[in-house]
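Spelled out, the chains give:
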Amino acid sequence: MSTNLQTPPTDVRSQRYARSQELIERASRTAPAGVHSSFRLKGSPTPLVYERAEGSRLWDVDGNCYVDYAMAFGPHVLGHGHPAVTEAVASVLGTGQLWAGQHLREIELVEEMVEILPNAERIRLGQSGTEMDQLALRLARAATGRRRVIRFAGHYHGWLDPLFVDPATDPYPAQGAPLTPGQSAAAAADVVVIPWNDVDAVAAVFDAHDDVAAVFMEPILSNVGMIMPRPGYIEAVRELCEKNGALLVLDEVITGFRVRLGGAQELLDVRGHLTVYAKAMASGFPVAALAGPADVMDLLATPAVMHGGTYNTGISAVAAALATVRVLRDTNPYPQMMEVGGALIDGIRALAQRHGVELSVDGIGPVFQTRFGPAGGVHDRQTYMERSDPALADRFLWALQDRGVRITHRGTWFLSASHTHADVEETLEAVDGALGAL
Ligand SMILES: Cc1ncc(COP(=O)(O)O)c(C=O)c1O
């Protein structure tokens, strides 16, 4: 049992994060709030400033060390700075960074991905999940000659106008509405937002509209909790898509190369039509991919359907992706991540029970989520919100941070192949302390 049961007093916390506070104050004079993504705004007592990372560990500028489960929000499936990745990058640095032309490593990367991934006859590489989601949308529209999109409440497909859309009205199905000031309402009007995990809701939209180009979903909802699809759900949605001439886009930005080498489609034995990959495929370097059947993807073989990008297939980024994919393929770290992550999940559940705290853990070893609410009964955003206490989750987040464990602000825990049982033990001691301090 940890002796560190109380949240440190404010002055102690201020001292612990003094350099971060100083630097964020300075950064705020020249950058909005001193950060460069809206997802980094949240922090206590301030967004932290970090200095270095290695394996499962991350250090901030005050010298505090964290067992890192944020893992840059998912990319570090091998852990920070895996030697195969850093060596691959170092070996190409002297050859130049960008040629606006093709190179052997990008050909090899795509060939190896086509071998590994389910449902990938052709692949186009880009730089971010947001970008590849946009490309999936463009291709679906180009292939079908239609414009409307079905998406699901709580799923995230990047921050750009055509997909960053929420339901405008209740009840479902709801016309999409912008989620942020400055967004085009006209773009959002092409989107219908419905609850996930409900086949009838999808069928109702197809009944009402004959111009649906695509259905977008995360195959495992990872941006609100960590919610599995109901058995047969994805298969049924795919069937509805095929019956109605639309494409099913599976957004595997989080699950791809993480829950299994072949992502959620391998884990669940399901298939979409187009698949988006990013994060875990490149160990933190900007490489993302859209995979799909030749007849759709080859629309990109002429300039008729446009996708560009000065920085696409940068030399060091592709070297990092190739090394990452090869290590994942050759070492198969998934059973180990299931095992180590599974021990952590079991340990957190046991501690929650011992403390009498209603804390549920949803997901599997490589990625799971801690939710303050009763176990079970969560199958979409609505039921998640009804069964979770965000204020308690925030207090837990900061209490863990104070004890040297970093998770994401959504309560998501990303494991890596570098996390060990010793990390789990240390983490559970922090969880014990944090639960005691709530
Ligand atoms: C499921 C999903 N799709 C798309 C994105 C956007 O990816 P990126 O941040 O690389 O643009 C994210 C980012 O977290 C995501 O979780």
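Parameters and conventions
Residues numbered from 1 in each chain as written. Predicted model: local features only at pLDDT ≥ 70, side-chain atom pairs only at ≥ 80, totals over all residues. Heavy atoms only, no water. 1 Å grid on protein atoms, 1.4 Å probe; cavity = no way out; pocket = protein on both sides within 12 Å on 5 of 7 lines; lining within 4 Å. Points joined across faces, edges and corners; volume = space filled by probe spheres on them. Helix = DSSP H or I, 4+ residues; strand = E, 2+ residues; numbered from the N terminus. Nonpolar A, V, L, I, M, F, W, Y, C, P; charged D, E, K, R; others polar. Domains from an automatic or database assignment. Phe/Tyr/Trp six-rings, centres within 6.5 Å; stacked < 30°, edge-to-face > 60°. Buried < 20%, exposed > 50% of the residue type's maximum accessible area, 1.4 Å probe, protein only. Pairing = 2+ DSSP bridges. Contact = heavy atoms within 4.5 Å. Axes fitted to C-alpha atoms, helices over the stretch in contact; angles between N-to-C directions.

1. Examining the layout of surface pockets
In this structure, the second largest pocket encloses a volume near 750 Å³. Gly-154, Asn-223, Val-224, His-409 and Arg-410 are, among the 31 residues lining the second largest pocket, the residues nearest its centre. It is strand 14 (residues 367-372) that provides the largest number of residues to the lining of the second largest pocket, a total of 4 residues. Along the lines of polarity and charge, the residues of the lining of the second largest pocket split into 12 nonpolar, 10 polar and 9 charged. Residues lining the lining of the second largest pocket come from more than one domain, with at least three contributed by each of domain 1 (10-77 + 333-437) and domain 2 (83-331).

2. Digging into the packing of aromatic side chains
Tallied over the full model, the rule gives 9 aromatic pairs. Judged by centre distance (5.6 Å) and plane angle (85°), the rings of Phe-39 and Tyr-156 are edge-to-face. Here Tyr-156 lies in the loop between strand 5 (148-152) and strand 6 (165-167) and Phe-39 lies in the loop between helix 2 (18-28) and strand 1 (50-54), a separation of 117 residues in the sequence. Given the relative accessible area of 40%, Phe-39 is considered partly exposed. Pairing Tyr-69 with Trp-413 gives two aromatic rings, centres 5.0 Å apart and planes at 50°, and the pair type is tilted. Taken as a pair, Tyr-69 in the loop between strand 3 (65-68) and helix 3 (83-93) and Trp-413 in strand 16 (residues 412-414) lie far apart in primary sequence, 344 residues in all. An aromatic cluster is present here, built from Phe-39, Tyr-156 and Phe-164 joined pairwise through their rings.

3. A short note on the sheet that holds strand 2 (residues 57-60)
Within the open sheet, the 4 strands sit side by side as 1-2-3-15. Their pairing is mixed. One side of each edge strand has no neighbouring strand; the edge strands of this open sheet are strand 1 and strand 15 (405-406). Taken together, the 3 bridges between strand 2 and strand 3 define a ladder with antiparallel strand orientation. Looking at the pairing, Leu-58 lines up with Tyr-66 of strand 3. This element, helix 15 (residues 421-437), spans strand 2, strand 3 and strand 15 of the sheet and lies at about 110° to strand 3.

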